[in-house]
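Report on the structure
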Amino acid sequence: MGKMNIAIIGYGGMGSYHASTLLPEEYYTLAGIWDISKQQRAKAEEADIKVYESLEAVLADDEVESIIIATPNDSHKDISIAALEAGKHVICEKPVMLSSEELDEVLEVAEATDRVFMVHQNRRWDPDFLVVRELFHNKQIGDIFHIESRVHGANGIPGDWRHMKAQGGGMVLDWGVHLLDQIHTLVDSPIAKVRSDLSFVLGNEVDDGFTITILHENGIKSVVEVGTTNFVKLPRWYLKGTKGTAIIEDWDLSGRTIVATDNNAATPQPIQAGVGLTKTMAPPSEEAAEEIPLPTPHLMNESFYFNFYRVVREEAEPIVKNNEVREVMLLMEQVFNEADIIN
Ligand code: NAD
């Protein structure tokens, strides 16, 4: 079918990562980049990447079939519309837009121009997330009814535009969109209730972290949390099921599950706890519970990039669907509208 010529708009952290690490050479040729920063353009030249004179020059190049948008969040809409109207297929970085209205506008243009528009929700491919997905299916800890998904750092909000509301800064739009997208694909049940606490402890105009609690109609509860002031971090995932508990400490997949055995007779012995005695909080006896390693994740059959290639060339089904992206956008709007501010 031949390689796809693709150009990147925005050659910063993520744009250069797409160029150097991500784009699989078997399906793509990197046509070049455009960045408004002279410094970033110079970096691309140093890496022997063609630098276009402007966005318009990229879009006027008939050799360019698709573009990747890796610019700050507030510019996604205008660049997407310009690219689609110029006949290009588009991969847009997350968060897709700043609002569902913006997204609807872009999707209408994609429909009218008959071009593919897909959002880089790459963390659906994360191995830790795929372990969680496996735990949902293999029932190693029974039916999962409680999910805690966390990302903790201690470096504050990075960069400059990520501090600004008008540019779509803040952690809900940055990391929240990934974690909420994961929960949305994991739990196949409508949302009954959402509660969100946003943190502004660092004094920025955008949130530096949050805790979002979601109650799904099927009874599953998800707690999604991002912090940028956590010098000691909590585990990436903590899951409770009807038969046991799973913990995934980090992206390195360290962790374990503890599951109940069928030995109902093995009652826990009371333990000294602080200055008191407890049986309720005593660890299960050795006969009543066993440790089982985390399952091996089933990796996704195709990469995000190959899927995009096949969507464009073969009309394959997109793995990241725009209706899903829109539902997560609506959820983030609900989070902002109903948020409590905890400082
Ligand atoms: P960045 O600040 O490192 O890079 C952005 C680049 O875009 C800069 O070089 C800037 O000069 C350039 N730019 C700004 N406005 C432009 C415009 N109108 N036209 C052309 N270039 C322009 O930011 P980043 O961390 O690379 O983030 C870029 C996008 O990628 C954001 O939407 C972010 O959310 C997303 N991102 C996604 C992931 C992921 O895992 N999917 C990871 C990081 C960032």
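Calculation criteria
- Residues numbered from 1 in each chain as written.
- Predicted model: local features only at pLDDT ≥ 70, side-chain atom pairs only at ≥ 80, totals over all residues.
- Heavy atoms only, no water.
- Near = heavy atom within 4 Å.
- Polar contact = N/O pair within 3.5 Å; in protein donor to acceptor, adjacent residues only side chain to side chain.
- Areas by Shrake-Rupley, 256 points an atom, 1.4 Å probe, with all protein chains shown as cover.
- 1 Å grid on protein atoms, 1.4 Å probe; cavity = no way out; pocket = protein on both sides within 12 Å on 5 of 7 lines; lining within 4 Å.
- Sits in = over half its atoms within 2 Å of the grid points.
- Nonpolar A, V, L, I, M, F, W, Y, C, P; charged D, E, K, R; others polar.
- Salt bridge = Lys/Arg side-chain N within 4 Å of Asp/Glu carboxyl O.
- Helix = DSSP H or I, 4+ residues; strand = E, 2+ residues; numbered from the N terminus.
- Buried < 20%, exposed > 50% of the residue type's maximum accessible area, 1.4 Å probe, protein only.
- Core = buried A, V, L, I, M, F, W, Y, C linked by side-chain atoms within 4.5 Å.
- Pairing = 2+ DSSP bridges.
- Axes fitted to C-alpha atoms, helices over the stretch in contact; angles between N-to-C directions.
- Contact = heavy atoms within 4.5 Å.
- Parallel < 35°, antiparallel > 145°, perpendicular 65-115°, else oblique.
- Points joined across faces, edges and corners; volume = space filled by probe spheres on them.
- Left-handed = near helix turned anticlockwise from the far one by under 90°.

1. Considering the site of the ligand
The environment of the ligand is formed by 24 residues, the closest being M14, D35, N73, K94 and N122. Between the ligand and T71 there is a distance of 3.2 Å, counted from an oxygen atom to a backbone nitrogen or oxygen. Isolated, the ligand exposes 840 Å² of accessible area, and the fraction of that covered by the protein chains is 81%. Cavity membership is defined here by more than half of the atoms lying within 2 Å of grid points; on that basis the ligand lies in the largest pocket. Among the residues making up the shell around the ligand, the classes are represented as 9 nonpolar, 11 polar and 4 charged.

2. Regarding the pattern of salt bridges
Applying the stated criterion to the full structure yields 17 salt bridges. Across the pair K77 and E105 runs a salt bridge whose closest N-O atoms are separated by 3.4 Å. Of this pair, K77 sits in helix α4 (residues 76-85) while E105 sits in helix α5 (residues 100-113), placing them 28 residues apart in sequence. Overall, the relative accessible area of 19% leaves K77 in the buried class. Of the residues examined, E105 reaches a relative accessible area of 37% and is grouped as partly exposed. Here R326 makes a salt bridge to D104, at a shortest N to O gap of 2.7 Å.

3. Quick look at the nonpolar core
With 91 residues, the main nonpolar core has Y28, I67, F117, I147 and L239 as its most contacted residues. Per element, the largest residue contribution to this core is 9 residues, and it comes from helix α7 (residues 171-186).

4. Describing the sheet that holds strand β4 (residues 89-93)
An order of β2-β1-β3-β4-β5 is seen for the 5 strands of this open sheet, with the pairing classed as parallel. Edge positions in the open sheet fall to β2 (28-34) and β5 (117-120), since each of these has one partner strand only. Recorded for the sheet is a direction-independent mean angle of 25° between the axes of neighbouring strands. Judged from the 4 bridges that link them, strand β3 (residues 66-69) and β4 form a sheet pairing that is parallel. Bridge pairing links I68 to I91 in β4.

5. Some thoughts on the pairing of strand β8 (residues 209-216)
The pairing of strand β7 (residues 191-199) with β8 spans 8 bridges and is antiparallel. Paired with I191 across the strands is H216, a residue of β8. Where β8 lies against strand β9 (residues 221-227), 7 bridges are found, and the strand directions are antiparallel. The residue bridging G209 from the neighbouring strand is G227, located in β9. In this antiparallel pair of consecutive strands, β8 and β9, the connection spans 4 residues, and G219 shows a positive phi of 95°.

6. Observations regarding the side chain of R150
Inspection of the secondary structure puts R150 in strand β6 (residues 144-152). Here R150 falls in the buried class, since its relative accessible area comes to 11%. Only 2.7 Å separates the side chain of R150 from the side chain of E148, close enough to count as a polar contact. Dropping the residues within four chain positions of it, R150 is found in contact with E225, L234, P235 and R236.

7. Section: the packing of α4 against α5
Close contact between α4 and α5 brings their axes to 9 Å; oriented N to C, the two are set at 5°. Classified by the angle between their axes, α4 and α5 sit roughly parallel to one another. Of the residues in α5, those touching α4 at K77, S80, I81, L84 and E85 are E102, E105, V106, V109, A110 and T113. The residue makeup of the contact of α4 with α5, split by class, is 5 nonpolar, 2 polar and 4 charged.

8. A short note on the layout of surface pockets
Remark: the empty space left among the atoms is shown by a probe the size of a water molecule rolled over them. For the largest pocket, the calculated volume is near 1,100 Å³. If you trace the largest pocket, you find 43 residues lining it, with G13, M14, G15, A70 and R162 closest to the centre. Only α1 (13-22), α4, α7 and α8 (304-314) provide two or more residues apiece to the lining of the largest pocket. Looking at the lining of the largest pocket element by element, the count peaks at 5 residues for α1.

9. Considerations on the packing of helix α6 (residues 127-138) against α7
Their axes nearest at 11 Å, the elements α6 and α7 cross at an angle of 25°. Considered as vectors, α6 and α7 are oriented roughly parallel to each other. α7 is crossed by α6, and the crossing has right-handed handedness. Between α6 and α7, the contacting residues are F129, V132, R133 and F136 on the first element and Q182, T185 and L186 on the second. Here the residues of the contact of α6 with α7 sort into 4 nonpolar, 2 polar and 1 charged.

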